[in-house]
Each structure stands twice: as C-alpha cells, then as structure tokens.
Amino acid sequence: RKELQTRFPDWNFDLLAEQDTLWTETLESNEACRQRGYDGLCWLLKERREAKMLLVAHGGILRQTMAELPELVKVADGRRSIPAPGSEGRSVAARFDNAELRRYKLQWDNPEAARSSEHPPCIRLTEIDLDDEWTAPAPPQPNFAAQGH
C-alpha cells in the first residue's frame with residue numbers, strides 16, 4: 001500500500017491492507033473466483049455511495065462472475081447501438097479484450113428482495129454506451145416540514 005500511495009498520491013488506498021494477504025501461489029478454483037467476484041459487486045452496491053466508479057479487474061474474474069453465475073448476476077444489453085445478429089458488433093456475453101473498456105449500470109435486480117431476502121440477492125449489470133451520462137437516482141431528501149422545522 002505504501003508503495004502505491006507514493007507512486008499515486010492523488011488516489012485513496014485507505015481500504016487496502018499494507019500487504020496483500022489474499023495472494024497465494026495456488027490458483028483459486030473457478031467457483032471461488034465466481035464467489036469473490038460476486039462478493040465484490042455486492043460490496044460495491046452495499047457499501048459505496050459513489051454514482052460513478054471505476055472497476056479494474058482481470059478478464060478471468062469478470063468472465064467467471066458475469067457469464068458463469070446466471071442465477072446471481074444478470075447481464076443485459078442497454079446500449080443504443082446494439083449489434084445486429086451476424087454482424088461484427090460485440091455481444092455483451094463476449095470475452096473481454098486486453099485492456100478493454102466497457103460501461104455498466106450496476107444495480108440490484110430486485111431492490112426489495114436484496115434488502116429482505118435470506119437468499120443471495122441477484123445483481124443486474126446493464127451494459128450501456130460509453131458516451132451515456134447515466135447517473136444514479138438522487139438520495140431521498142429529508143422532509144423538514146413533516147419534522148416540524
């Protein structure tokens with residue numbers, strides 16, 4: 001962490017441990033990779049309040065999470081320029097190219113179930129065009145009139 005903070009002083013590394021405690025020389029199973037990816041997306045939805053985030057990841061964990069967990073992660077195509085079948089356009093299910101940039105709207109598939117369910121909540125990732133200016137809904141504002149202010 002200290003090395004990263006020195007090299008990139010404008011970035012916030014407060015959530016990183018000083019040393020990487022998760023790395024091992026043994027490759028994790030596909031199932032563990034899927035679970036780690038799903039858990040990471042759940043953490044983003046539950047703990048982070050930013051409307052826009054940058055997620056940088058290896059294509060392997062993205063593939064395992066987005067393509068191999070259809071019961072927990074639904075991937076949809078919300079692009080205005082959806083490629084026609086048989087065209088050279090890329091489908092949302094396509095493997096990530098090296099250093100490829102894609103843009104997604106990340107949300108619970110069913111927000112009510114995500115708050116109350118005993119089962120793991122389903123996540124929806126909707127790919128959107130890179131030039132879309134999607135923003136998260138504004139948080140509810142306090143109703144001061146109802147509180148006697």
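Below you will find a few notes about this structure. (Residues numbered from 1 in each chain as written. Predicted model: local features only at pLDDT ≥ 70, side-chain atom pairs only at ≥ 80, totals over all residues. Heavy atoms only, no water.)

The helix and strand inventory of the protein stands at four helices and three strands. Ordering the α and β elements of the protein from the N terminus gives α-α-α-β-β-α-β. When the 149 residues of the protein are sorted by exposure, 22% land in the buried category. Considering only contacts in the protein between residues 6 or more positions apart, those separated by 24 or more positions represent 62%. Element-wise, carbon and sulfur atoms account for 53% of the exposed surface of the protein, whose accessible area totals about 11,700 Å². (Helix = DSSP H or I, 4+ residues; strand = E, 2+ residues; numbered from the N terminus. Buried < 20%, exposed > 50% of the residue type's maximum accessible area, 1.4 Å probe, protein only. Contact = heavy atoms within 4.5 Å. Areas by Shrake-Rupley, 256 points an atom, 1.4 Å probe, with all protein chains shown as cover.)

Glancing now at a nonpolar patch on the surface. Together, L4, F8, W11, L16, L54 and V56 make up an exposed nonpolar region whose accessible area comes to about 640 Å². Tracing the chain through its elements places F8 in the loop between helix 1 (2-7) and helix 2 (30-47). By relative accessible area, F8 is classed as partly exposed at 34%. (Patch = residues over 30% accessible without salt bridge, like charges linked within 9 Å, V, L, I, M, F, W, Y side chains within 5 Å. Salt bridge = Lys/Arg side-chain N within 4 Å of Asp/Glu carboxyl O.)

A word on the environment of Q35. Inspection of the secondary structure puts Q35 in helix 2. Residue Q35 is classed as partly exposed on the basis of its relative accessible area of 38%. In this structure the C-alpha to C-alpha distance between Q35 and Q64, which are 29 residues apart in sequence, comes to 8.8 Å. For Q35, the side chain forms a polar contact with the side chain of D39, separated by 2.7 Å. (Polar contact = N/O pair within 3.5 Å; in protein donor to acceptor, adjacent residues only side chain to side chain.)

It is worth spelling out the environment of Y104 at this point. On the secondary structure map, Y104 appears in strand 2 (residues 103-108). Placed 52 residues apart in sequence, Y104 and K52 show a C-alpha to C-alpha distance of 9.9 Å. In contact with Y104, not counting residues within four places along its chain, are M66, V75, F96, L125, T126, E127 and I128. At 3.5 Å, the side chain of Y104 forms a polar contact with the side chain of R102.

A separate point is the sheet that holds strand 2. If you walk across this open sheet you meet the three strands as 1-3-2, and the pairing is mixed. Looking at strand neighbours, the two that pair on one side only are strand 1 (73-77) and strand 2, the edges of this open sheet. The sheet shows a mean angle of 25 degrees between the axes of neighbouring strands, taken without regard to direction. Contacts between helix 2 and the sheet are confined to strand 1, strand 2 and strand 3 (123-128), with strand 2 contributing the most and set at about 75 degrees to the helix. (Pairing = 2+ DSSP bridges. Axes fitted to C-alpha atoms, helices over the stretch in contact; angles between N-to-C directions.)

So, about the environment of D129. Take D129: it is sitting in the segment after strand 3. On the basis of relative accessible area, D129 is assigned to the buried category, the value being 10%. Between the C-alpha atoms of D129 and S81, which are 48 residues apart in sequence, the distance is 7.6 Å. When neighbours within four sequence positions are excluded, D129 is seen to be in contact with R79, R80, S81 and R103.

Now for the packing of aromatic side chains. What the rule picks out here adds up to zero aromatic pairs. When the ring centre of F96 is taken as reference, the NZ or CZ atom of R102 above it lies at 3.7 Å. (Phe/Tyr/Trp six-rings, centres within 6.5 Å; stacked < 30°, edge-to-face > 60°. Lys NZ or Arg CZ within 6 Å of the ring centre and 35° of its normal.)

Here we come to the nonpolar core. Most often, soluble globular proteins keep nonpolar side chains buried together rather than apart. Ranked by internal contacts, the top residues of the largest apolar core, which has 14 residues, are Y38, V73 and I123. Among the secondary structure elements, those contributing two or more residues to this core are helix 2, helix 3 (59-67) and strand 3. Among all residues touching I123, those that are not within four sequence positions of it are Y38, L41, C42, L45, L72, V73, K74, L106, Q107, W108 and D109. (Core = buried A, V, L, I, M, F, W, Y, C linked by side-chain atoms within 4.5 Å.)

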